[in-house]
Amino acid sequence: MSSSSPSIDARFMRRCVELARGAAGRTAPNPMVGAVITLNGEVLAEGFTQPLGEDHAEPNALNKLGGKAPGATLYVSLEPCCHHGRTPPCTEAILRSGIERVVIGMVDPDPRVQGQGIEILRAGGIQVDLGVCEDSCRDLNAGFIKAHEQGLPRVWLKTAVTLDGHIADVNGTSQWITSAEARREGHRMRDRSDGILVGSGTLLADDPQLTTRLPEGGLDPLRVVIDSRLRIPEGARLFQAGDRPPVIFCGVDAPERELPAHIIRVAAGPGGLDLREVMRELVGLGVHNLLVEGGGGISRSLLDQGLVDRLLVFMAPKILAGGRNFVGGAPFALPDAPRFRFRSTRRVGPDLLLDLELA
């Protein structure tokens, strides 16, 4: 059996994660996976998950070698699947290939796999090593993991604020708080997300398209609106843009309307709709990573219902005393304040991007 040193295994697994990140926003409900095939420390082929219905990472790499890699080692960021879906099991392709060793970042949380892929490979005489760079692999697919373990998507709450935490001036003017560079980065976030959500306040005030607009193109996420009373105008730009109809969540007692959208009625919850039920519905629509670009109302509702995982805050070097706040609603008492920890900060043009996760 082939073997390798821990440092070499980690290097190739980091490459798997890097490859997988290039598939962000293009694979759900499948996970993002990267694969590297090596022989004697040299890379023979690389691959990553293709759009839904096409090759998973392992066949994507193996196909570059004609499906054969005798004596090689396969590095893969997630346990190979072993069930028939839109594509055949990856374990079958690996067993046919002649690969001698498989290094796996983490076990697949999908109940159709969950260690069974590893057992099949070992039963086929392949050496399997598990848990290399596991934290990085779990972070890569945190949305996929949460969807399978909790039935909820990972929620990224994005906002653009001034130094004193305002998203608009006292008159409600918000265009533009941040720079063109920050807005372009926001569109890159849309391109890498499965869905984008706003509340009815943002919809009625800004009439957004919620599409991805980048010089190099990009994909539109599933466009989602929380509109409990179904007040959206028939002429909203949301209906004129995008490559698929938007999804609108409203209350069970909202008026009946014919709109070019997928309308889903949900029960009431704290301060509006039951957003936890909204999130479960979105997972059923293949949304594992949800970008929220709402105002103070939807931000507060998501925080109150414990649904925010990450904050993405673009901070502009401006002050708007008396402006509208990033989070609305009644004041928090200090002991009850939601707490986050910094993951990273970086410059985006003249602004700062703060990336935080729930503490």
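Structure: see above.
So, here is what we can say about the structure in this document. (Residues numbered from 1 in each chain as written. Predicted model: local features only at pLDDT ≥ 70, side-chain atom pairs only at ≥ 80, totals over all residues. Heavy atoms only, no water.)

**Let's talk about the overall build of the chain**
When its secondary structure is counted, the chain shows 10 helices and 18 strands. Its C-alpha atoms give the chain a radius of gyration of 22 Å, within 12% of the compact-globule value 21 Å for 359 residues. Counting only C-alpha atoms, the chain reaches 70 × 45 × 45 Å along its principal axes. When the 359 residues of the chain are sorted by exposure, 50% land in the buried category. Considering only intrachain contacts with a sequence separation of at least 6, the fraction spanning at least 24 residues in the chain is 68%. When the accessible area of the chain is evaluated, it comes to approximately 16,200 Å², of which 50% is carbon and sulfur surface. Where the 40 positive side-chain charges of the chain centre and where its 44 negative ones centre are 4 Å apart. (Helix = DSSP H or I, 4+ residues; strand = E, 2+ residues; numbered from the N terminus. Rg over C-alpha atoms; globule rule 2.2 N^0.38 Å. Buried < 20%, exposed > 50% of the residue type's maximum accessible area, 1.4 Å probe, protein only. Contact = heavy atoms within 4.5 Å. Areas by Shrake-Rupley, 256 points an atom, 1.4 Å probe, with all protein chains shown as cover. Lys, Arg positive; Asp, Glu negative; His and termini not counted. Charge placed at Lys NZ, Arg CZ, Asp CG, Glu CD.)

**A few points about the sheet that holds strand β8 (residues 195–199)**
Across the sheet, 9 strands lie side by side as β11-β10-β9-β8-β14-β6-β15-β18-β17; this open sheet has mixed pairing. Each edge of the open sheet carries a strand with a single partner, namely β11 (262–266) and β17 (340–348). In this sheet, adjacent strand axes meet at a mean angle of 20 degrees when their direction is disregarded. One ladder, built from 5 bridges, connects β8 with strand β9 (residues 222–226); its direction is parallel. Directly across from V198, in β9, lies its bridge partner V225. Taken strand by strand, helix α9 (residues 275–284) contacts β6 (154–161), β8, β9, β10 (247–251), β11 and β14 (289–292), and its axis lies near 160 degrees from that of β9. (Pairing = 2+ DSSP bridges. Axes fitted to C-alpha atoms, helices over the stretch in contact; angles between N-to-C directions.)

**Quick word on the pairing of β8**
Of all the 5 residues making up β8, 5 are buried; the element is thus mostly covered by neighbouring parts of the structure. Handedness of the β8-helix α8 (residues 200–206)-β9 crossover: right-handed. Direction of pairing for β8 relative to β14: parallel, over a ladder of 3 bridges. Following the sheet pairing, I196 is matched in β14 by L291. (Right-handed = clockwise from strand over helix to strand, strands pointing away.)

Remember that the coordinates give geometry; whether it matters functionally is a separate question.
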